[in-house]
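# Inside the fold
Chain by chain, the residues run as shown.
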Amino acid sequence: MDDTMAHKTRSQTPKISPFLEPGKTTQVGSLAILQLSRDNLQPVYLKAPSGKHDGYAEGAVVNTRYGSFPHSTMIGVPWGSQIRASKVDTGSRGRNNKRKRNKSDDDGKEASATVAEEKTEQESTPAEVNDDSAAVAKKIVADVSGFIHILPPTPEVWTSSLPHRTQVVYTPDYSYVLHRIRARPGSVLIEAGAGSGSFSHASVRAVYNGYPSEGERKGKVYSFEFHEQRFHKMNQELKEHNLNSLVHLTHRDVYNGGFLIDGKSPGAEAIFLDLPAPWEALHHLSRRNPKNPEDKEWVSPLNPKKSAHICTFSPCIEQVTKTVSAMRRLGWVDIDMVEIANRKYHTSRERVGLNLSMDRGVNNSARDVDEALSRLTEIEARFREHAARSKESDDEVDGDEDDGLIKQREKKEQKGGRKRGGEKRVKIDHKPDSPECFEALPSGVPMWMEGRLITRGEPEIKTHTSYLVFATLPIEWTEEDEAAAAARHPVIGEQKVIGLVDKAARKQERREQLQKATGNRKARRMERAAELAATAEEEVGVAVP
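Conventions we followed
- Residues numbered from 1 in each chain as written.
- Predicted model: local features only at pLDDT ≥ 70, side-chain atom pairs only at ≥ 80, totals over all residues.
- Heavy atoms only, no water.
- Helix = DSSP H or I, 4+ residues; strand = E, 2+ residues; numbered from the N terminus.
- Buried < 20%, exposed > 50% of the residue type's maximum accessible area, 1.4 Å probe, protein only.
- Contact = heavy atoms within 4.5 Å.
- Areas by Shrake-Rupley, 256 points an atom, 1.4 Å probe, with all protein chains shown as cover.
- Patch = residues over 30% accessible without salt bridge, like charges linked within 9 Å, V, L, I, M, F, W, Y side chains within 5 Å.
- Salt bridge = Lys/Arg side-chain N within 4 Å of Asp/Glu carboxyl O.
- Lys, Arg positive; Asp, Glu negative; His and termini not counted.
- Charge placed at Lys NZ, Arg CZ, Asp CG, Glu CD.
- Axes fitted to C-alpha atoms, helices over the stretch in contact; angles between N-to-C directions.
- Parallel < 35°, antiparallel > 145°, perpendicular 65-115°, else oblique.
- Left-handed = near helix turned anticlockwise from the far one by under 90°.
- Nonpolar A, V, L, I, M, F, W, Y, C, P; charged D, E, K, R; others polar.
- Pairing = 2+ DSSP bridges.
- Core = buried A, V, L, I, M, F, W, Y, C linked by side-chain atoms within 4.5 Å.
- pLDDT = per-residue confidence, 0-100.
- Arc of directions from axis to C-beta.
- Phe/Tyr/Trp six-rings, centres within 6.5 Å; stacked < 30°, edge-to-face > 60°.
- Lys NZ or Arg CZ within 6 Å of the ring centre and 35° of its normal.

As named in an unreviewed UniProt entry, the protein chain is tRNA (adenine(58)-N(1))-methyltransferase catalytic subunit TRM61, taken from Podospora pseudopauciseta.

Okay, here's the thing in structure tokens:
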């Protein structure tokens, strides 16, 4: 397959991508992420207000379940701001749609009636609303409710909001992968299987140390995609995000074509393979030609001066076994497989006590044993009081009336600020951020700091994504490297250094050491036997004169 290059190196420094330096405020034409809810994110390119757009007199508008948000209200605001919903004029938009439907009708009578209706509507509609070429948009009026937040584009939020063309690599996976393959500013990284571009955006931020100039080596990502439609879509997104000079995207089958760029080596030291059969592409990632190691014309895509670190992303264990076998044959070391299971934890504070009001985050149960015993004593006292009053009464009182009297007495006590048993019920009527909140509780602690810190994990861990296989390919150590290392770190007066003694001499030395140790043991045994014999003779001589 012929290689198709995604872009050419620009002679001038391009505009910095918002994924790398978004700035402090939003700008016209930049990418923004709208946070509709906690897990609902929507990407949008902000457009300048230039009159009517798509039937809206306010210009470009984003419609959500929380309201309508014109682009003009989201331009020039700090990142993270809350954007209020606005009232938009949808009447002209509905009329325009009606005109389009009527124009497609072949009936002449209906067409003529439509023309007359359009003239009537144009006379009754303001000029700035119907004029498509109007340069000034309609004044924005805030709605009574509804809001969203506008966030800067980052690889994390882009992964959650991007259009899924394939299975994407999520944040828990690619953050660990980039750490293990040692992607750092200035590194050159190879990615096979660009897919939806989730890992591409994360990796380019990890290796970014400036935009490259002519003849200068900077951190860069060389990405390869086999699917043509996904390649063109990914290429378009990189240009829109101003990342096309940092990510070199190529349309190629890496199983057969390898990882060279115009026949030259990218000099990579970090590799990530998101392929169905990564073992079929590993032979291209070698220091020498695996089929002919003596081939001098073979070009390796790896950096010859640094060790290469690789990670393969495979969903099935059968793929892992084949990949590991191919790595062992090709000289990869430190092979390791990891599976990541992501689990979220929710942290909150819980206040416990019988004298607390029924607020959010309050557990109306006994704080300790003393409080539980006090409550039981109070209940028993009320029961004895009720039993004695019923015996002293001459008239029979129905159970319903008696309960009603007790409830009335309790209501009177509560109106006086007292709870049953004489304890005061704490009632918080202040806002959490008000100064009165710091004095609302008897302990003097703010309400949001009161109570025990509770951490609860998700009931179920998220399902399996893929297995990550890591390995390292060391640099080649030649005789020239050995001579350079010896000259840089000379050995003076050392005779027992392994590097100065050949293999045969080391074996002979080890053999002599063993013989010497064996001889020493025999000599010690003979000396011990002689001592025992001498001791026995002395004992016999004493017993028999």
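## So, the overall build of the protein chain
In terms of helices and strands, the protein chain carries 13 helices and 17 strands. Scored against the burial criterion, the 545 residues of the protein chain give a buried share of 35%. In the protein chain, once contacts between residues fewer than 6 apart in sequence are set aside, the share between residues at least 24 apart is 70%. Carbon and sulfur atoms make up 51% of the accessible area of the protein chain, which amounts to about 34,200 Å² in all.

## Things to note about a positive patch on the surface
Taken together, the side chains of Lys 503, Arg 506, Lys 507 and Arg 511 make up a positively charged region of the molecular surface. Position of Arg 506 among the secondary structure elements: in helix H13 (residues 503-543).

## Points about the packing of helix H5 (residues 171-180) against helix H6 (residues 198-207)
Across the interface, H5 lies against H6 with an axial gap of 10 Å and an inter-helix angle of 40°. The angle between the axes of H5 and H6 places the two elements in the oblique class. Between H5 and H6 lies a crossing of right-handed hand. Taken together, the residues of H6 that come into contact with H5 (itself represented by Tyr 174, Val 177 and Leu 178) are Ser 198, Phe 199, Ala 202, Ser 203 and Ala 206. Here the contact of H5 with H6 is composed, by residue class, of six nonpolar, two polar and no charged.

## A look at the sheet that holds strand E14 (residues 345-352)
The three strands are arranged E15-E14-E16 in an open sheet whose pairing can be described as mixed. The sheet is open, and its two edges are formed by strand E15 (362-363) and strand E16 (452-457), each paired on a single side. Looking at chain direction, E14 and E16 are connected through six bridges and run antiparallel. Bridging across to E16, Tyr 345 finds its partner in Gly 457.

## Some remarks on the nonpolar core
Membership of the largest hydrophobic core comes to 40 residues, with the highest contact counts inside it found for Val 177, Leu 178, Ile 181 and Leu 189. It is H6 that provides the largest number of residues to this core, a total of five residues. The contact partners of Val 177, leaving out residues within four places of it in the chain, are Phe 199, Phe 272, Cys 311, Leu 468 and Phe 470. Formed by 29 residues, the second largest nonpolar core is a distinct cluster that contains Ala 192, Phe 224, Val 320 and Val 324.

## Details of the confidence of the model for the protein chain
Predicted confidence across the protein chain gives a mean pLDDT of 78, with 72% of residues reaching 70 or more. Scored below 50 in pLDDT, residues 106-136 shows 27 contacts in the model against residues more than four places distant or in partner chains. Across residues 416-440, where pLDDT falls below 50, the model places 47 contacts with residues more than four positions away in sequence or in other chains.

## So, a negative patch on the surface
Taken together, the side chains of Glu 479, Glu 480, Asp 481 and Glu 482 define an acidic patch exposed on the protein surface. Look at Glu 480 and you get exposed, because its relative accessible area is 57%.

## A closer look at H5
Taken together, the buried positions of H5 are Asp 173, Tyr 174, Val 177 and Leu 178. Seen end-on, H5 carries its buried residues on one side only, within an arc spanning 120°. Buried residues in H5 make contact with helix H4 (155-161), strand E8 (188-192), H6, strand E11 (270-273), strand E12 (308-314) and strand E17 (467-473). Taken from the residues just after H5, Arg 182 is the one with a positive phi, measuring 60°.

## Looking at the pattern of salt bridges
Under the criterion given, the structure shown has nine salt bridges. A salt bridge links Asp 336 to Arg 180, with the nearest nitrogen and oxygen atoms 3.5 Å apart. Of the two residues, Asp 336 sits in strand E13 (residues 333-339) while Arg 180 sits in helix H5, which places them 156 residues apart along the sequence. Note that Glu 531 and Arg 528 form a salt bridge whose closest N and O atoms lie 3.6 Å from each other. Taken together, the residues span about one helical turn, with Glu 531 and Arg 528 both in helix H13 at a distance of three residues.

## Focus on the packing of aromatic side chains
Across all of its chains, the model carries six aromatic pairs by this definition. Relative to Phe 470, the ring of Tyr 176 lies with its centre 5.7 Å away and its plane at 85°, an arrangement referred to as edge-to-face. With a gap of 294 residues between them, Tyr 176 in helix H5 and Phe 470 in strand E17 connect regions that are remote in the sequence. Phe 470 gets classed as buried once you look at its relative accessible area, which sits at 3%. A ring pair is formed by Phe 224 and Phe 259, whose centres lie 5.5 Å apart and whose planes are at 85°; its orientation type is edge-to-face. With Phe 224 in strand E9 (residues 220-225) and Phe 259 in the loop between helix H8 (254-257) and E11, this pair connects stretches of sequence that are 35 residues apart. The pair formed by Phe 224 and Phe 259 is uniform in burial state, with each residue classed as buried. By the ring-pair criterion, three or more aromatic residues cluster together here, those being Phe 199, Phe 272 and Phe 313. Of note, Arg 180 hangs over the ring of Phe 470, and the distance from its end group to the ring centre comes to 4.3 Å.

## Concerning the pairing of E9
Within E9, six of the six residues are buried, which leaves the element mostly enclosed by the surrounding structure. Burial along E9 is two-sided: the residues Lys 220, Tyr 222 and Phe 224 and Val 221, Ser 223 and Glu 225 are all buried. Both E8 and E9 contribute to a ladder of five bridges, which runs parallel. Across the sheet, residue Val 188 finds its bridge partner in E9, namely Lys 220.

## Quick notes on unusual backbone geometry
Within the chain, Asn 242 stands out as a residue other than glycine whose phi angle is a positive 60°. Relative to the helices and strands, Asn 242 resides in the loop between helix H7 (228-240) and strand E10 (247-251). A positive phi angle is found at Asp 262, which is not glycine, with a value near 55°. With respect to the element layout, Asp 262 can be found in the loop between H8 and E11.

## Description of the pairing of E12
Taking burial as the measure, the seven residues of E12 include seven buried ones, the bulk of the element. The alternating pattern of E12 places Ala 308, Ile 310, Thr 312 and Ser 314 on one face and His 309, Cys 311 and Phe 313 on the opposite face, and all of these are buried. Where E12 lies against E17, seven bridges are found, and the strand directions are antiparallel. In the sheet register, Phe 313 faces E17, and the bridge partner there is Leu 468.

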